[in-house]
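Each chain, written out:
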Amino acid sequence: MNPHGTMPAFEVAKKLGISLAEVRLLVREGRLCVTAIGDGKYGKELWFSREEVEKLAAVMPEVKKSWQNKRTLNRPKGNTTVSLASMIKVRKVRYQEEDFLESLNLMPERMAVLLRAAYYLFHLNHYAKAGHQHLYMLKGQVLRTMTRNFGVEDGLSAGFVDGGSRVLLCPSCRREANALGQDYKTYILAAGKCKKCREDHHYYSLFEFRVTAGDHSFTFHSPYPVCCKWFGSHEGLPSRPREPVEREDGFSFGRPILVAEARAIPLDKVVAELQVFIRNEERQNAVPRETR
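A. Region of the structure containing the pairing of strand S7 (residues 206-213). Extensive coverage of S7 is indicated by the burial of six of its eight residues. Pairing analysis gives six bridges linking strand S4 (residues 156-162) to S7, with the strands arranged antiparallel. Along S7, the bridge assignment pairs Ala158 with Phe209. Note: S7 against strand S8 (residues 216-223), eight bridges, orientation antiparallel.

B. Representation of the packing of helix H1 (residues 9-16) against helix H3 (residues 50-57) within the structure. Closest axis-to-axis distance for the H1/H3 pair is 10 Å, and the angle between their directions is 25 degrees. Classed by the angle they form, the pair H1 and H3 counts as roughly parallel. H1 and H3 meet at a crossing whose hand is right-handed. The segment H1 lies against H3, with Glu11, Val12, Lys15 and Leu16 engaging Arg50, Val53, Glu54, Leu56 and Ala57. Per-class residue counts for the contact of H1 with H3 are five nonpolar, no polar and four charged.

C. Structural detail: the nonpolar core. The biggest cluster of nonpolar side chains holds 45 residues, and the ones touching the most others in it are Leu115, Leu124 and Met146. The biggest single contributor to this core is helix H6 (residues 109-129), with 12 residues. Here Leu124 is in contact with Leu135, Leu138, Lys139, Leu267, Val270, Val271 and Leu274, once residues within four sequence places are set aside.

D. The arrangement of a nonpolar patch on the surface in detail. There is a patch of nonpolar side chains on the surface, built from Leu84, Met87 and Ile88 and spanning about 250 Å² of accessible area. Position of Leu84 relative to the elements: it lies in helix H5 (residues 82-103).

E. Molecular detail of helix H9 (residues 184-191). Two or three places before Lys185, at the start of H9, stands the capping residue Asp183, its side-chain oxygen 3.1 Å from that residue's backbone nitrogen. Two residues or fewer past H9, Gly192 is found with a positive phi of approximately 80 degrees.

F. Structural view of the packing of aromatic side chains. Tallied over the entire structure, the rule returns 14 aromatic pairs. Taking 6.2 Å as the distance between ring centres and 70 degrees as the angle between the ring planes, the aromatic pair formed by Phe160 and Phe207 counts as edge-to-face. Highlighted residues: Phe160 in strand S4 and Phe207 in strand S7, separated in sequence by 47 residues. Judged by relative accessible area, Phe160 falls into the buried class, the value being 2%. Relative to Phe231, the ring of Phe209 has its centre 5.8 Å away and its plane inclined at 70 degrees; by these criteria the two rings are edge-to-face. Of the two residues, Phe209 is situated in strand S7 and Phe231 in helix H10 (residues 224-231); the sequence distance between them amounts to 22 residues. By relative accessible area, which is 1% here, Phe209 ends up buried.

Calculation criteria
- Residues numbered from 1 in each chain as written.
- Predicted model: local features only at pLDDT ≥ 70, side-chain atom pairs only at ≥ 80, totals over all residues.
- Heavy atoms only, no water.
- Buried < 20%, exposed > 50% of the residue type's maximum accessible area, 1.4 Å probe, protein only.
- Helix = DSSP H or I, 4+ residues; strand = E, 2+ residues; numbered from the N terminus.
- Pairing = 2+ DSSP bridges.
- Axes fitted to C-alpha atoms, helices over the stretch in contact; angles between N-to-C directions.
- Parallel < 35°, antiparallel > 145°, perpendicular 65-115°, else oblique.
- Left-handed = near helix turned anticlockwise from the far one by under 90°.
- Contact = heavy atoms within 4.5 Å.
- Nonpolar A, V, L, I, M, F, W, Y, C, P; charged D, E, K, R; others polar.
- Core = buried A, V, L, I, M, F, W, Y, C linked by side-chain atoms within 4.5 Å.
- Patch = residues over 30% accessible without salt bridge, like charges linked within 9 Å, V, L, I, M, F, W, Y side chains within 5 Å.
- Areas by Shrake-Rupley, 256 points an atom, 1.4 Å probe, with all protein chains shown as cover.
- Salt bridge = Lys/Arg side-chain N within 4 Å of Asp/Glu carboxyl O.
- Polar contact = N/O pair within 3.5 Å; in protein donor to acceptor, adjacent residues only side chain to side chain.
- Phe/Tyr/Trp six-rings, centres within 6.5 Å; stacked < 30°, edge-to-face > 60°.

Take it as geometry only, folks, not as evidence of what the structure does.
As structure tokens, then:
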């Protein structure tokens, strides 16, 4: 759908220098009229008069200033407005989700499918970091589906993060370390390992998966011992050493889900989205290539 003399919400946002949520705010305020509504791949797609947008662009500095004044007046103060502050944060996350999903309408279909799965996997990872350890199994299933069905042309790339070896002391060396009052790491550094000690060369290593397209970028990690069972060898992948500390918001390899995020994007929704992604990809692979 491309009505003559109109432009979709995504282009309007870019033209006016605002977010998609703010485009909808312009509509609610009566400053901008929707001329047509189409069906995008991921929901309704709003279209606007190009001429009206051009006129609005000239007064957007004043409009943005009025928005800022309203936000200042409505800014929560003190403990009496904690619930209001929480609602504002939840609404912000929901607007961000709407903006993201609406932006997928301009992406190639397979790239959009991958990005949508990556978005909800991003939130699943945060739920897992909050103590839902069972979710790591679903994370592995999603990553496996991604790597089997998508490639660089869709925005997916894989790499290897070399974390180094782990030495497992034999019973004799463990007894000697205990007798010396040393922890095993200190003992290994001082005395080294004997021929009976075992070394796991990739115990601390990771597989790294990046989903990048347009302005969107997601990075996921999976332990080498787990991932290599279905991914296979890391030979030929881009490799880098594991940094001493790799953090997101102060947490190693990911942070727990935030309260506002959990309220705006519930865990059951995240799980359902990813399960649908896996089922759809399995169904597509079950269709003979010549009939697609």
